[in-house]
2 protein chains.
Amino acid sequence: MDYYGASIGRLIEAFRSLPGIGTKSAQRLAFHIISMPEDDVKGIAKAMTEARHNVHFCKCCCTVTDGEICPICAGGESGKRNKRQIMVVENSRDLAAYEKTGRYDGVYHVLHGAISPMLGIGPNDIRLRELMMRLQGPDGECTADEVIIATNSSVEGESTAMYIVKLIRTLELPVKITRIASGVPVGGDIENIDEVTLERALKGRTEL
Amino acid sequence: MDYYGASIGRLIEAFRSLPGIGTKSAQRLAFHIISMPEDDVKGIAKAMTEARHNVHFCKCCCTVTDGEICPICAGGESGKRNKRQIMVVENSRDLAAYEKTGRYDGVYHVLHGAISPMLGIGPNDIRLRELMMRLQGPDGECTADEVIIATNSSVEGESTAMYIVKLIRTLELPVKITRIASGVPVGGDIENIDEVTLERALKGRTEL
């Protein structure tokens, strides 16, 4: 890395520390940075430190947001969204994916992960306690009519879903618990789809 | 992008403006940044602005470096490297690639691009004038014994090579001009190599 001098070497190392960026990409990015107008570089650096500094977790649903409460939960307060329907997702990107459909008018709860004994992530490492506190409400009355569990359909996502069901049942909360459907994706070629998915698609068939 | 709040939205946009980073990668990077310790984020931001601020072009060979003159040219001055053998490369990464071989002890000249009428890059947009000035020397005496043209073997690289030859001939500089060999790469499967490369490999055959 000395071929380029110390400051570019440091920048290449900094880029390499980010996920999904190898040596070649880090070099390409570093050379792009030094060819950019200085103000633009300062802009990117500022966006980085500001985002890290400003980031908050919505005190209601735990998604990342700028303020105390996220726009979706604020919509729940003002009656624009049904705050008694709570979709539990693994992270804010999953929330965004559902928001993009524009077909969901409930609110969310972001776990920031899934239970994974392999990676050493236990129930206390994700925002499960916050979910239970939220469901129980400040006066002990259940705050929701339905909890839609939308964790991934991976091993971790499924076990997290099971765990949430168990917790809600233990607390005897009078709430409907649902799980998003698992099956053949739209546009998917049946011949290329794995057996587990096909089995689920069959099991979850609906009458026409 | 509003799903995450304005500061994360800005960070995602900032990452998206970099080459080879699409929406999904930008999101992944942004979420990685906000999960990092604040000091590490400041470190990356600083590496960026410092690299941009500190970057200089070696006043001799035009490569990017921290000081006035790059370590390779400094080696030429102190006699460790043969400064009368100049390898012309398109960019500093190509210089680094040759340095990594450890088998070249001459010096370099970095053009920072190649002539490309398609992209609107003419001879004045790359460091050709600097090369000619360097070859002619301050007292008009030729400063090199050999110019090795190591531009890419793309259309742009080849035309740039031709152009350099023409310039040197026009100036009637008493210097040997060579071009790096083009042929079958080591480990390459002949059946998978394109015809132009095979033709060149044949044309450039050497006696054993």
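Sequence order sets the numbering: in each chain, residues are counted from 1 along the sequence as written. Both sets of labels track the order of writing: A upward for chains, 1 upward for ligands. Two thresholds apply to this predicted model, a pLDDT of at least 70 for residue-level local features and 80 or more for giving and counting side-chain atom pairs, whereas whole-chain, interface and lining totals are computed over all residues. In computing side-chain values, all of the structure's heavy atoms are included and hydrogens and water are not.

Visitor: Could you give me a rundown of unusual backbone geometry, with the residues and numbers involved?
Guide: Residue and element names in this part refer to chain B. For His 112, which is not glycine, the phi torsion reads 60° and is therefore positive. Going along the chain from the N terminus, every DSSP run of H or I of four or more residues is numbered as a helix, and every run of E of two or more is numbered as a strand. Within the secondary structure, His 112 is located in the loop between strand 4 (106-110) and helix 6 (128-136). Within the chain, Glu 172 stands out as a residue other than glycine whose phi angle is a positive 50°. In this fold, Glu 172 is placed in the loop between helix 7 (155-170) and strand 6 (176-179).

Visitor: Tell me about the layout of surface pockets, and name the residues and values.
Guide: We place a 1 Å grid over just the protein atoms. Points where a 1.4 Å probe fits but has no way out form a cavity, open points with protein on both sides within 12 Å along at least 5 of 7 lines form a pocket, and any residue with an atom within 4 Å of a point lines it. Grid points are joined across faces, edges and corners, and a volume is the space filled by probe spheres set on the points. Size it by volume and the largest pocket reaches roughly 420 Å³. Partitioned by chemical class, the residues of the lining of the largest pocket number 6 nonpolar, 5 polar and 4 charged. Under this grouping Gly is polar, as are all residues other than the nonpolar Ala, Val, Leu, Ile, Met, Phe, Trp, Tyr, Cys and Pro and the charged Asp, Glu, Lys and Arg.

Visitor: Any details on the relation of the copies chain A and chain B? Residues and values, ideally.
Guide: When the copies are superposed, the least-squares fit draws on C-alpha atoms of residues that have pLDDT of at least 70 in both. Rotating chain A by 179° about the axis while translating it 0.0 Å along that axis superimposes it on chain B, leaving an RMSD of 0.1 Å. Seen this way, the second copy is the image of the first under a two-fold rotation axis. Considering only C-alpha atoms, the residue of chain A closest to the rotation axis is Ala45(A), which sits at 2.2 Å. Taken together, the interface assignments show that 100% of the residues at the interface of chain A recur at the interface of chain B, consistent with an identical surface on both copies. Pairs of residues are marked as contacts when any of their non-hydrogen atoms sit within 4.5 Å.

Visitor: Can you tell me about the packing of helix 3 (residues 38-54) of chain A against helix 1 (residues 6-16) of chain B, naming the residues and giving the values?
Guide: The axes are straight lines fitted to the C-alpha atoms, using for helices just the contacting stretch, and the angles between their N-to-C directions are given from 0 to 180°. Relative to each other, helix 3 of chain A and helix 1 of chain B sit at 150°, their axes nearing to 8 Å. Between helix 3 of chain A and helix 1 of chain B, the angle is such that the two are roughly antiparallel. The way helix 3 of chain A lies across helix 1 of chain B gives a crossing that is left-handed. Contacts from Ile44(A), Ala47(A), Met48(A), Glu50(A), Ala51(A) and Asn54(A) of helix 3 of chain A reach helix 1 of chain B at Ser7(B), Ile8(B), Arg10(B), Leu11(B), Ala14(B) and Phe15(B). Under this scheme an angle from 65 to 115 degrees is roughly perpendicular, one under 35 degrees roughly parallel, and one over 145 degrees roughly antiparallel; angles in between are oblique. By definition, any crossing whose near helix is turned counterclockwise from its far helix by less than a right angle is left-handed, and any crossing with a clockwise turn is right-handed.

Visitor: Which residues make up the interface of chain A and chain B, and what are the values?
Guide: It is common to give the size of an interface as the accessible area lost on bringing the parts into contact. Taken residue by residue, the interface counts 47 residues in chain A and 47 residues in chain B. As a working definition, buried area equals the accessible area (1.4 Å probe) given up by two parts on being put together, with both sides summed. With both sides pooled, the region where chain A packs onto chain B buries about 4600 Å², and carbon together with sulfur makes up 69% of that total. Three residues, Tyr3(A), Met48(A) and Arg52(A), lead the burial of chain A against chain B; their summed loss comes to 16% of the area buried on that side. Put simply, a salt bridge is a Lys or Arg side-chain nitrogen that is within 4 Å of an Asp or Glu carboxyl oxygen. Taken together, chain A and chain B are joined by 2 salt bridges. Note that Glu50(B) is salt-bridged to Arg10(A), the shortest N-O span being 3.7 Å. Polar contacts here mean pairs of N or O atoms no more than 3.5 Å apart (in protein, one a potential hydrogen donor and the other a potential acceptor; neighbouring residues in sequence count only if both atoms are side-chain atoms). Joining chain A to chain B, the criterion identifies 8 residue pairs in polar contact (both at pLDDT 80 or more). For the side of chain A that touches chain B, the leading source of residues is helix 3 of chain A, giving 13 residues. Partitioning the side of chain A that touches chain B into residue classes produces 26 nonpolar, 11 polar and 10 charged.

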